[in-house]
2 protein chains.
Amino acid sequence: MREITIHDLDDLAVGAAILGTGGGGDPYIGKLVARAALEESGPVRLLSLDEVPDGAQVVACGAMGAPTILIEKLPGGEEMETAFAAWERHTGRRIEAVMPFEAGGVNSMVPIAVAARRGLPVIDADGMGRAFPQLEMETFNVYGVPACPTAIADEKGNVSVIETPSAAQAEWIARGLTIRMGGQAYVANYGMDGASARRVSVPGTMSLAVGIGRTLREAKAARRDPVSALVAFFAGTHYGCARLIGAGKVGDLSRREVNGWSVGTVRIEPFEPGADPILVEIQNENLVAEQGGQVLAVVPDLISILDLDTAEAIPTERLRYGQRVNILAVRVPEIMRTPEALAIFGPAAFGLKHAYRPLSET
Amino acid sequence: MREITIHDLDDLAVGAAILGTGGGGDPYIGKLVARAALEESGPVRLLSLDEVPDGAQVVACGAMGAPTILIEKLPGGEEMETAFAAWERHTGRRIEAVMPFEAGGVNSMVPIAVAARRGLPVIDADGMGRAFPQLEMETFNVYGVPACPTAIADEKGNVSVIETPSAAQAEWIARGLTIRMGGQAYVANYGMDGASARRVSVPGTMSLAVGIGRTLREAKAARRDPVSALVAFFAGTHYGCARLIGAGKVGDLSRREVNGWSVGTVRIEPFEPGADPILVEIQNENLVAEQGGQVLAVVPDLISILDLDTAEAIPTERLRYGQRVNILAVRVPEIMRTPEALAIFGPAAFGLKHAYRPLSET
């Protein structure tokens, strides 16, 4: 891909929902904002990490806050611009390329809108390789790029620039600001040069999301099984391994709001008679899937719950009793599986006792 | 006064407690920090508003948060320096003079410490002419100086710079940050030039506080009545009118924490037999004193509850059943009594139904 046009947005939204692994905010809302920006400003250039000049000023961006609030507080598209302007004023530097801090959900879309308005390229990469619930859960942080200055803005033009040496502390302060800003805010952070971006980012995730969407669309048009098509598609990418780890009906579903996160467990009753139920634990995103005491997949690997018929991802807040679903797991690339990476967003970072074992082919 | 030395700090603390009108944080804690800074760096030059050069870069500063937390989280003196450094980095300007944003409580002391460390003068003026509970309740705001950029820092070196056109919104966001920073934070804001400072500030309040302390100290040494001495002292200042509006014993006392404020009512039983009780309503500071349905004094005029014997102010959090007290009221200067000023910190701004009537001589 050389650029992102209006015609890519439907595929991107479908792919971003799957990379969202249940969280990340509704990409269909982000799509409205990205579409408006592309209609106004034309397509956005997509740069692979290899194409970013060594000295180019890169900034990561995205929305943070409760996904449910996003629906009531539709972004106008100016919020991110406010954060960018504050970041530039504060640092005295000009932003030359935009990177999503997260691949998946609304945050695959938000960077496109601000890049279009500013006439900047988007980098085909991100810092999570999926959706995660916290700003420090970034390969940028894992491999030594400071999160701050972090600029955070709301739709009223309020903006704050945070400086702290710790990415976790930046998350803590930014989360507090987000609450004061009405539950939804827009962040520009992890400023770095192009050479650093190449070293610390998960590559190719924007085109990966578009590819996921296109694969599903084409499989459905050709009446082929969409999940098999997805598994084959991932096999040809640097993610490599994807697998259907279960299928069944949504049974018990417990969810509660804890410290601003949606936390809970969903129990899926397999279609296969006599099989143990599959339990998926959730903190915004799906964290671990177990069956009969065996771990089927665990964070940071992706666990996406897909509608049985459409193969589209069902976000956590739309899970309902009785839904018929497939559970797809995807192994993350090597850069997300190092000991340093697992220390930041492996099972223990979410309070899980499970050791990480990468998803196997069978 | 030409400078502030270690020998002024005791008087300043006593005066700042009275200007604190029950709130503003414990000046005796601030004194420890100011003393350490003055011991290290020598006296601080005190500039009257007339002496500030028109083009000098002035910044206001002080601590915000719950006074009770201050006691547990003693400031190290570096916190304000962190905020100053962030304000300068963000604006690209150098701070040339320091002004307290509040006269009273801990915030008469905090600016002295940072000025001493930086070798800057302190301006003998402030933006409240007393203590108020919120950052927008400033004559700076009343007369058109923007609160932002507002830099806010904690003792761990975390700092955030807020930009919003509204001082009330800056307060709202800064309050949220203060909570995330552990309940106590240090603010540098209301950047302005010397000419503006002359136009928008309450003059002479640092030397006023020292004068209050000195007056009490000298009256006690000479075995004269300290309250009469205070009334005579105020008569010679631009505040002009001070008056003993009651005396009695603290009776019922209701206080609760509401949205981070200490809110309540204290009932004072006059010594005079048969007299109606005096009710003082509190939001951190003492807001209104009433007796038999008559308003004795109301915000922005000062209402200070003084220990009957020492004539030192009793802060809200140290009020106890059975204390014997004098109630002193002080009329604020004209700059704080205009319709624009009353819109920002008059009775209605605190949700009180009372009209403001300036304290009369009798």
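Look up: the structure comes first, before these words.
Residues numbered from 1 in each chain as written. Chains lettered and ligands numbered in written order. Predicted model: local features only at pLDDT ≥ 70, side-chain atom pairs only at ≥ 80, totals over all residues. Heavy atoms only, no water.

**Here's the deal with the overall build of chain A**
When you go through chain A residue by residue, the secondary structure sums to eleven helices and 17 strands. In terms of principal-axis extent, the alpha carbons of chain A reach across some 65 × 40 × 40 Å. Considering chain A as a whole, with its 362 residues, one finds that 61% of them fall into the buried category. Only carbon and sulfur atoms are counted for the fraction: they give 51% of the accessible area of chain A, which is about 13,300 Å². Once the 33 positive and 44 negative side-chain charges of chain A are each reduced to a mean point, those two points are 2 Å apart. (Helix = DSSP H or I, 4+ residues; strand = E, 2+ residues; numbered from the N terminus. Buried < 20%, exposed > 50% of the residue type's maximum accessible area, 1.4 Å probe, protein only. Areas by Shrake-Rupley, 256 points an atom, 1.4 Å probe, with all protein chains shown as cover. Lys, Arg positive; Asp, Glu negative; His and termini not counted. Charge placed at Lys NZ, Arg CZ, Asp CG, Glu CD.)

**A word on the sheet that holds strand 14 (residues 285-291) of chain B**
All names here are of chain B. On the basis of which strands lie adjacent, the open sheet formed by seven strands has the order 15-14-13-12-11-17-16 and antiparallel pairing. Both outer strands of the open sheet, strand 15 (294-298) and strand 16 (302-307), are each paired with one neighbouring strand and no more. Strand-to-strand twist of the sheet, defined as the mean angle between neighbouring strand axes without regard to direction, takes the value 35°. Alignment of strand 11 (residues 242-258) against strand 12 (residues 261-270), held across nine bridges, turns out to be antiparallel. (Pairing = 2+ DSSP bridges. Axes fitted to C-alpha atoms, helices over the stretch in contact; angles between N-to-C directions.)

**A few points about helix 1 (residues 9-19) of chain A**
Residues and elements named next belong to chain A. Of all eleven residues making up helix 1, ten are buried, and the element is well covered by its neighbours. Of the positions making up helix 1, those classed as buried are L9, D11, L12, A13, V14, G15, A16, A17, I18 and L19. Positive phi shows up at T21, right after helix 1, with a value of about 45°.

**Considering helix 5 (residues 110-118) of chain A**
All names here are of chain A. Buried residues dominate helix 5, accounting for seven of its nine residues. Along helix 5, the positions that sit buried rather than exposed are V110, P111, I112, A113, V114, A115 and A116. Just downstream of helix 5 lies G119, where phi reads positive at about 70°.

**Some details on the packing of helix 9 (residues 205-221) of chain B against helix 10 (residues 226-235) of chain B**
All names here are of chain B. For the pair helix 9 and helix 10, interaxial distance at closest approach is 9 Å and the crossing angle is 145°. By crossing handedness, the relation of helix 9 to helix 10 is classed as right-handed. From helix 9, L208, G211, I212, T215, L216 and A219 reach across to helix 10, where they touch P226, A229, L230, F233 and F234. Looking at side-chain class alone, the contact of helix 9 with helix 10 contains nine nonpolar, two polar and no charged residues. (Left-handed = near helix turned anticlockwise from the far one by under 90°. Contact = heavy atoms within 4.5 Å. Nonpolar A, V, L, I, M, F, W, Y, C, P; charged D, E, K, R; others polar.)

**Here's the deal with the sheet that holds strand 11 (residues 242-258) of chain A**
Residues and elements named next belong to chain A. Ordered in space as 15-14-13-12-11-17-16, the seven strands form an open sheet in which the pairing is antiparallel. The open sheet has two free edges, formed respectively by strand 15 (294-298) and strand 16 (302-307), since each of these has just one partner strand. When strand polarity is set aside, the average angle formed by the axes of neighbouring strands in this sheet is 35°. Here six bridges tie strand 13 (residues 278-283) to strand 14 (residues 285-291), and the two strands are oriented antiparallel to one another. Each bridged residue has a counterpart across the sheet, and for Q283 the counterpart in strand 14 is E285.

**Side note on the interface of chain A and chain B**
Between chain A and chain B, the residue contacts involve 21 residues of the former and 21 residues of the latter. Both sides together, the interface formed by chain A and chain B hides about 1,900 Å², and carbon and sulfur atoms give 46% of it. Along the contact surface separating chain A from chain B lie two salt bridges. Where chain A touches chain B, the interface holds 13 residue pairs in polar contact (both at pLDDT 80 or more). (Buried area = accessible area lost by both parts, 1.4 Å probe. Salt bridge = Lys/Arg side-chain N within 4 Å of Asp/Glu carboxyl O. Polar contact = N/O pair within 3.5 Å; in protein donor to acceptor, adjacent residues only side chain to side chain.)

**Some thoughts on the relation of the copies chain A and chain B**
Of the transformation superimposing chain A on chain B, the axial component is 0.0 Å and the angular component is 180°, with the fit at an RMSD of 0.0 Å. Taken together, the turn and the small shift mark the pair as related by a two-fold rotation axis. Most of the interface of chain A is mirrored in chain B, where 100% of its interface residues are also at the interface. (Least-squares fit on C-alpha atoms with pLDDT ≥ 70 in both.)

**With respect to unusual backbone geometry**
All names here are of chain A. For the bond running from C148 to P149, omega is 0°, close enough to zero to count as cis. Looking at the element boundaries, P149 is found in the loop between helix 6 (139-142) and strand 7 (150-153). Cis geometry marks the peptide bond from V299 to P300, where omega comes out at 10°. You will see that Y190, though not glycine, has its phi angle at about 45°, which is positive. On the basis of relative accessible area, Y190 is assigned to the buried category, the value being 0%.

**Focus on the environment of R256 of chain A**
Residue and element names in this part refer to chain A. Structurally, R256 is set in strand 11. Taking the C-alpha atoms as reference points, R256 and F132, separated by 124 residues in sequence, lie 18 Å from one another. With near-sequence residues (within four places) excluded, R256 lies in contact with W261, S262 and V263.

**Examining the environment of F140 of chain A**
Residues and elements named next belong to chain A. Note on placement: F140 falls in helix 6. The sequence separation of F140 and G240 amounts to 100 residues, and the corresponding C-alpha distance is 22 Å. Among residues more than four places away in sequence, those in contact with F140 are A60, M99, P100, F101, D126, G127, V145, Y190, M192, V200 and S201.

**Brief notes about the packing of aromatic side chains**
In total, this model carries ten aromatic pairs over all chains according to the counting rule given. Relative to Y239 of chain B, the ring of F234 of chain B lies with its centre 6.3 Å away and its plane at 55°, an arrangement referred to as tilted. Each member of the pair F234 of chain B and Y239 of chain B is classed as buried. Among the aromatic residues, ring-to-ring pairing joins F132, F345 and F350 of chain A into one connected group. We note R180 of chain A situated over the ring of W172 of chain B; from NZ or CZ to the ring centre the distance is 3.7 Å. (Phe/Tyr/Trp six-rings, centres within 6.5 Å; stacked < 30°, edge-to-face > 60°. Lys NZ or Arg CZ within 6 Å of the ring centre and 35° of its normal.)

**Details of the pattern of salt bridges**
In the structure shown here, the tally under the stated rule is 34 salt bridges over all chains. For E51 of chain B, the salt bridge is made with R2 of chain B, and the minimal N-O distance between the two is 2.7 Å. Pair noted here: E51 of chain B is in the loop between strand 2 (44-47) and strand 3 (57-65) and R2 of chain B is in the segment before strand 1 (3-4), with a separation of 49 residues, a long-range link. In this structure, a network of salt bridges that share partners links the residues D10, K31 and R35 of chain A.

**Digging into the side chain of N286 of chain A**
Residue and element names in this part refer to chain A. With respect to the helices and strands, the residue N286 is situated in strand 14. A distance of 2.8 Å separates a polar side-chain atom of N286 from the backbone oxygen of I303. Residues within four places of N286 in sequence aside, it is in contact with T21, G22, R130, V280, E281, I303, S304, I305 and T316.

**Some details on the packing of helix 2 (residues 27-41) of chain A against helix 5 of chain A**
All names here are of chain A. The geometry of helix 2 relative to helix 5 is characterised by a closest axis approach of 8 Å and an angle of 20° between their N-to-C directions. Classified by the angle their axes make, helix 2 and helix 5 are roughly parallel. The element helix 2 and its partner helix 5 pack so that their crossing is left-handed. Listed contacts from helix 5 to V33, A34, A37, L38, E40 and S41 of helix 2 are I112, A113, A116 and R117. Taken together, the residues of the contact of helix 2 with helix 5 sort by class into seven nonpolar, one polar and two charged. (Parallel < 35°, antiparallel > 145°, perpendicular 65-115°, else oblique.)

Distances and angles like these do not, on their own, reveal function.
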